[in-house]
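Fold and contact review
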Amino acid sequence: MSSTGNGGGERRAGTAGSAAARARLRRAARPAVPPPSAGRRRGAVAAPDVERPARPAPTLALPEPGDRSGLRSRPGRPFPGGPGEPPRGPGAPSEGGLLDMLKVAIAILDTAGRVVLWSPAAEELLGWPNELLVGRRIDELIPDQEQVVRIRTAIQDTLRQGRWAGYAELRDRAGAPVAVEVRISLLVDGDGTPFLQVSMAESAAVRAVERDLAVRDALFEQSPLGIAILDTDLRYTAVNQTLAEMNGVVLEDHVGRTTGETLPERAADEITAIQRQVLATGDPVIDVTLASPVTTRAGYRSISYSRMTDRSGRVLGISGTVMDVTERYRAVAKVEHARRRLSLLNEFGSRVGDLLDASRIAQELASSVVPRLTDHSAVILLQAVAHGDDLPRHGHDRRTSLLQLGTASVQDGPEVDVMLRRGARITFAEDSACGRVLRTGVPELLSGADQLDDVTYPGDPKMQAGRDLGVHSMLVVPLRARGIVIGLLLVSRAGYREGFDRDDLAFTVELADRAGSSLDNARLYARERTAALTLQRTLLPQQVPQPTGVEVAYRYVPGSSGTEVGGDWFDVIPLPGDRTALVVGDVMGHGLRAAATMGRLRTAVRVLAALDLPPDVLLRHVHELADDLAQGPDEALLATCIYAVFDPATARLTVAKAGHIPPVLVVPGQDAGEPTRTGGPLPGGAGRILDLPSGAPLGVGGVPFESVELKIPEGSLLALCTDGLVESRDKDLDVGLGRLLTVLQEPYASIQAACEAVLDTMEQGREPDDVALLLARLGHGQVGTPTAGWTLPAEPTAVSRARRLVRSTLAEWGVEALTDTAELLVSELVTNAVRYASAPIGVRLTLGETLLVEISDPLPDPPRERHAAEADEGGRGLELVRRLALRWGARAEGIGKVVWFEQALSGNEPDES
């Protein structure tokens, strides 16, 4: 019993000792003056209130992080909530920190392993409340006996060594195992009583934090990126070695300083502005490329910044990464440089692709390289290229004629005018840079004063002007075509711009080669166009007559330089009886072949006009010759034409057209007064477009040609033109004809002035085709021209009556010397008419520069001359007419014909020798 009692007494004494120990710990941790509302914690073991001498609270030894000894110790800002950190206000968040995430549980054990204190964090970790565990051994929470032994051993080791760390598996209230990291530390109170402080944290959370810290260390210390951490004052709290090397400043000199205190001022200002923006807005800045702030290590950096907040949302500062992107930037810049160069080549090709003028191509070449490649440029061409001549077969020397046809500069001024005068003739010494490049075709890169003095010849004012402009680098590049140097491209840089290098030279050579091909094409085109234009002008009328009763003005305008010469033409053909044929035509196509076809067509019209055929008949005959007039055996003739015949004696105009645009007729108004004669002003008037049967173009067929006869008032203006005058790309033909009609209705000082006015109003957007314009003021013959006419019956007596009328009329006109021949020839022609005709016969005499006699009858068949034998009594009438008349012929008129002959007046006889 005693032993039992002793045992029970021992247990009670142990319990009492444990209670006393807990009381001492609570007093040591209790504030000196407890707050009035302080109460006893639920489940705590009470100890009797015994007055004890005041003694200092026990000092608890904090566990040392032995497993984190490898971390770098860096000065930085205080830990949140620690000394120097502003205290949180009443409304500040109290959860979400690192300790809340780890949930470190604290328990106090006595030396026997019994629980003396059990913290709320321990309750949350394992689910055991304080009331159930205080006074119980910690072994009861360990389900594995082997671990129980290990924990007891750990307690003994702690009592001997003062600390222990390890792993344990405890059982929560539900019986589930919970793996925890354990730290045991020895505590001794003021009385010397030992206790054990057990710190526990869930292993998974600890491992996660350790893994994150390891990742942070690896990223921070081993990353090829520069990493910086800055506080809310934008002062560095940590940087890695990579960033320190980038900035050229040691690690220790970064911490506690701002970017402005670490980097050069100019570079720091831009970076600091970005840091402030990120800290203020919270919007991250990603991959911003800046020039390297370290002057000794030129390059480029990519910076990124983002704002840092803790788990409760409090702003801690910003973090940044810096990456050296010099190589990437230079690679991108090189690609961009190549892209710009390729873009320049493509742009130049598109600008000159449809140009066929050497001067314009030269100017486009000079303008395209300024300022993207150079500050000043000049394009110098052989004179043969500029004028479309053949290239010289011999080598170039100082006598080679060169013209500066393209110039461009980034500035203006007198020096630029001297150095880059467009159209200037260029001379050079044979041993100069220009002379060498012209002879060899090898480009040269010149730099420095000595080399630049050698461009043309010593003392050249152009080079002196270049020196005044600060030119320090120049390229002299040949313009080549089919292996022949046809010119030079000179580009130069001035001022602070970097000099040319070999890449610039290679690019300029490529650009010059493309330009050389375009220039040679323009030269060949100019040569062919000149030949075609020469041929066409040769085939056009060289002298346009001014027939009786008609005043003519004309203009021919070749197409623009980008268009080949076309087949437009016009003609004025005098006809017997003071009549005049007015012709305008257009052969489809361009070039030499079209010009040659136009010449053949014009010749055919003139030959047929000499037969005095009606307009519709003449066009039909020309159409029948289409195969012979075509440009080649495999190409059909396609041409339009308008043919008009005006007879001043009868004031009648007969017109027919073959697919051509209609003519315009302007009739003077009633208030115009007496019609003026040749050379006088045009009074203007009311105009109209003549409505004529269209007819098919020559060579097409299928539509008959028809003539229209009009009575023309005195002084009327007739306008014939080709479609190049009135057609445009975006407007109907009627618009152009209406514009032509409006212009011609105005009064002008002369018919020549009217021609100029018509050309001045040509629309700029018209098709760049040839233009042929023919204006004719139609009168009623010369004033005072004697004319007489009679109608005789188809009877034998008509012959003698015709002789009497002719004799008396010529005597009245005072030309009796013509009477005998005139009577004889009239007698023969009237006799033929009486013999074959049964309708009245017409006789008309006109005295102008010659005596014109016309005999008309209703028979359509023309007379045919035949050679009579010696024994024949007749058949010599037309032979007499041919021998005695100056000229003779026959023409169709109405349903009949007119046979005519001319006699020269005294003193106007032709020289028969």
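What counts, and at which threshold
- Residues numbered from 1 in each chain as written.
- Predicted model: local features only at pLDDT ≥ 70, side-chain atom pairs only at ≥ 80, totals over all residues.
- Heavy atoms only, no water.
- Helix = DSSP H or I, 4+ residues; strand = E, 2+ residues; numbered from the N terminus.
- Buried < 20%, exposed > 50% of the residue type's maximum accessible area, 1.4 Å probe, protein only.
- Contact = heavy atoms within 4.5 Å.
- 1 Å grid on protein atoms, 1.4 Å probe; cavity = no way out; pocket = protein on both sides within 12 Å on 5 of 7 lines; lining within 4 Å.
- Points joined across faces, edges and corners; volume = space filled by probe spheres on them.
- Nonpolar A, V, L, I, M, F, W, Y, C, P; charged D, E, K, R; others polar.
- Patch = residues over 30% accessible without salt bridge, like charges linked within 9 Å, V, L, I, M, F, W, Y side chains within 5 Å.
- Areas by Shrake-Rupley, 256 points an atom, 1.4 Å probe, with all protein chains shown as cover.
- Salt bridge = Lys/Arg side-chain N within 4 Å of Asp/Glu carboxyl O.
- Lys, Arg positive; Asp, Glu negative; His and termini not counted.
- Charge placed at Lys NZ, Arg CZ, Asp CG, Glu CD.
- Expected span 1.5 Å × (residues − 1).
- pLDDT = per-residue confidence, 0-100.
- Pairing = 2+ DSSP bridges.
- Axes fitted to C-alpha atoms, helices over the stretch in contact; angles between N-to-C directions.
- Core = buried A, V, L, I, M, F, W, Y, C linked by side-chain atoms within 4.5 Å.
- Arc of directions from axis to C-beta.
- Phe/Tyr/Trp six-rings, centres within 6.5 Å; stacked < 30°, edge-to-face > 60°.
- Left-handed = near helix turned anticlockwise from the far one by under 90°.
- Parallel < 35°, antiparallel > 145°, perpendicular 65-115°, else oblique.

1. Here we look at the overall build of the chain
If you tally the helices and strands in the chain, you get 25 helices and 31 strands. Counting all 913 residues of the chain, 45% fall into the buried class. The long-range share in the chain, meaning contacts at least 24 apart out of those at least 6 apart in sequence, stands at 63%.

2. Overview of empty space enclosed by the protein
Across all of its chains, the model carries 5 cavities of 30 Å³ or more by this definition. Put simply, the largest cavity is a space of about 120 Å³. A378, M419, L420, M463 and L490 are, among the 15 residues lining the largest cavity, the residues nearest its centre. Elements that contribute at least two residues to the lining of the largest cavity include exactly β11 (376-382), α16 (461-468) and β16 (484-494). Split into classes, the residues belonging to the lining of the largest cavity amount to 9 nonpolar, 5 polar and 1 charged. A volume near 100 Å³ is recorded for the second largest cavity. Taken together, L109, I138, I142, I151, A168, L170, V182, I184, V198 and M200 form the lining of the second largest cavity. Contributions of two or more residues to the lining of the second largest cavity are made by β3 (163-171), β4 (177-188) and β5 (194-202). Grouping the constituent residues of the lining of the second largest cavity by class yields 10 nonpolar, no polar and no charged.

3. Overview of a negative patch on the surface
A contiguous patch of negative charge on the surface is contributed by D412, E415, D417 and D468. Take D468: it is sitting in helix α16.

4. Thoughts on the side chain of S368
Mapped onto the secondary structure, S368 falls in helix α11 (residues 358-368). Accessibility expressed as a relative area gives 1% for S368, which makes it buried. Residues contacting S368, with those up to four places away along its chain left out, are L344, F348 and R351.

5. Structural notes on helix α18 (residues 592-610)
For α18, built from 19 residues, the straight-helix expectation of 27 Å at 1.5 Å per residue is met to within 8% by its first-to-last C-alpha distance of 27 Å. Buried within α18 are the following residues: A594, A595, T597, M598, G599, L601, R602, A604, V605, L608 and A609. The first or second residue beyond α18 is D612, which carries a positive phi of 60 degrees.

6. Regarding unusual backbone geometry
Look at the link from V370 to P371: it is a cis peptide, with omega at 5 degrees. Inspection of the secondary structure puts P371 in the loop between α11 and β11. Phi is positive for L234, which is not a glycine, with a value near 60 degrees. One can find L234 in the loop between β6 (226-230) and β7 (236-239).

7. What to know about the confidence of the model for the chain
Taken residue by residue, the chain gives an average pLDDT of 80. The fraction at 70 or more is 82%. Here residues 1-94 is modelled with pLDDT under 50, and outside its nearest four sequence neighbours on either side it reaches 73 contacts, counting other chains as well.

8. A short note on the sheet that holds strand β12 (residues 402-409)
Within the open sheet, the 6 strands sit side by side as β13-β12-β11-β16-β15-β14. Their pairing is antiparallel. The open sheet has two free edges, formed respectively by β13 (425-426) and β14 (444-447), since each of these has just one partner strand. Bridge analysis of β14 against strand β15 (residues 471-481) gives 4 bridges, and the strand direction is antiparallel. By the bridge assignment, S447 is partnered in β15 with S473. Contacts from α11 reach β11, β12, β15 and β16 within the one sheet, and its direction differs from that of β12 by about 40 degrees.

9. Considerations on the nonpolar core
In terms of nonpolar packing, the biggest core is built from 62 residues, with L381 and L479 touching the most fellow members. A total of 8 residues in this core trace back to one element, the largest contributor, which is helix α17 (residues 502-539). Counting 55 residues, the second-largest nonpolar core is a separate cluster that includes L533, L637, V655 and L718.

10. So, helix α9 (residues 265-281)
With 17 residues, α9 should cover 24 Å at 1.5 Å per step; its first-to-last C-alpha distance of 24 Å lies within 8% of that length. Buried residues of α9: A267, A268, I271, T272, I274, Q275, V278 and L279, and no others. Taken end-on, α9 shows its buried residues confined to a sector of 165 degrees, consistent with a single buried face. α9 presents E265, R266, R276 and A280 as exposed residues on the side facing more than 90 degrees away from its buried surface. Once α9 ends, the next one or two residues include G282, with phi positive near 80 degrees.

11. So, the environment of V758
Position of V758 among the secondary structure elements: in helix α22 (residues 751-760). Remark: the alpha-carbon pair of V758 and V743, spanning 15 residues in sequence, is separated by 6.4 Å.

12. Concerning the packing of aromatic side chains
Per the stated rule, a full pass over the model turns up 2 aromatic pairs. A centroid spacing of 3.7 Å and a plane angle of 25 degrees characterise the contact between Y300 and Y329, whose relative ring orientation is stacked. One end of the pair, Y300, is in strand β9 (residues 300-309); the other, Y329, is in helix α10 (residues 326-352), and 29 residues separate them in sequence. With relative accessibility at 35%, the residue Y329 sits in the partly exposed group.

13. Re the packing of helix α24 (residues 819-836) against helix α25 (residues 877-884)
At their nearest, the axes of α24 and α25 sit 9 Å apart, and the two run at 145 degrees to each other. Handedness of the crossing formed by α24 with α25: left-handed. Only G877, L878, L880, V881 and L884 of α25 make contact with α24, whose side of the interface consists of T821, L824, L825, E828, L829 and N832. Residue composition of the contact of α24 with α25, by class: 7 nonpolar, 3 polar and 1 charged.

14. Some thoughts on the side chain of R579
Locating R579 in the fold gives a position in strand β19 (residues 579-590). The exposure class assigned to R579 is buried, which follows from its relative accessible area of 6%. Beyond its immediate stretch of four places on either side in the chain, R579 contacts I573, P574, D612, V645, F646, D647, P648 and R891.

15. Quick look at the packing of α18 against helix α19 (residues 615-624)
Relative to each other, α18 and α19 sit at 135 degrees, their axes nearing to 10 Å. Looking at the two axes, α18 sits oblique to α19. Seen along the crossing, α18 lies across α19 with a hand that is right-handed. Listed contacts from α19 to L601, V605, L608 and A609 of α18 are L618, H621 and V622. For the contact of α18 with α19, a count of residues per class yields 6 nonpolar, 1 polar and no charged.

16. Focus: the pattern of salt bridges
For the coordinates displayed, the defined rule picks out 37 salt bridges. The partner of R314 in a salt bridge is D310, and the shortest N-O contact between them spans 3.2 Å. Relative accessible area serves as the criterion here: at 25%, R314 is assigned to the partly exposed category. Where salt bridges share partners, they join E181, R183, R207 and E210 into one cluster.

17. A word on the sheet that holds β3
Read across the open sheet, the 5 strands follow the order β2-β1-β5-β4-β3; overall the sheet is antiparallel. Either end of the sheet is taken by a strand with one partner, and the two such strands are β2 (115-118) and β3. The sheet shows a mean angle of 30 degrees between the axes of neighbouring strands, direction not considered. Judged from the 9 bridges that link them, β3 and β4 form a sheet pairing that is antiparallel. Across the sheet, W164 pairs through a bridge with I184, a residue of β4. Across the sheet, helix α5 (residues 145-161) touches β3, β4 and β5, and the angle it forms with β3 is around 155 degrees.

18. A closer look at the environment of L170
Looking at where L170 falls in the secondary structure, it is placed in strand β3. In this structure the C-alpha to C-alpha distance between L170 and V180, which are 10 residues apart in sequence, comes to 7.4 Å.

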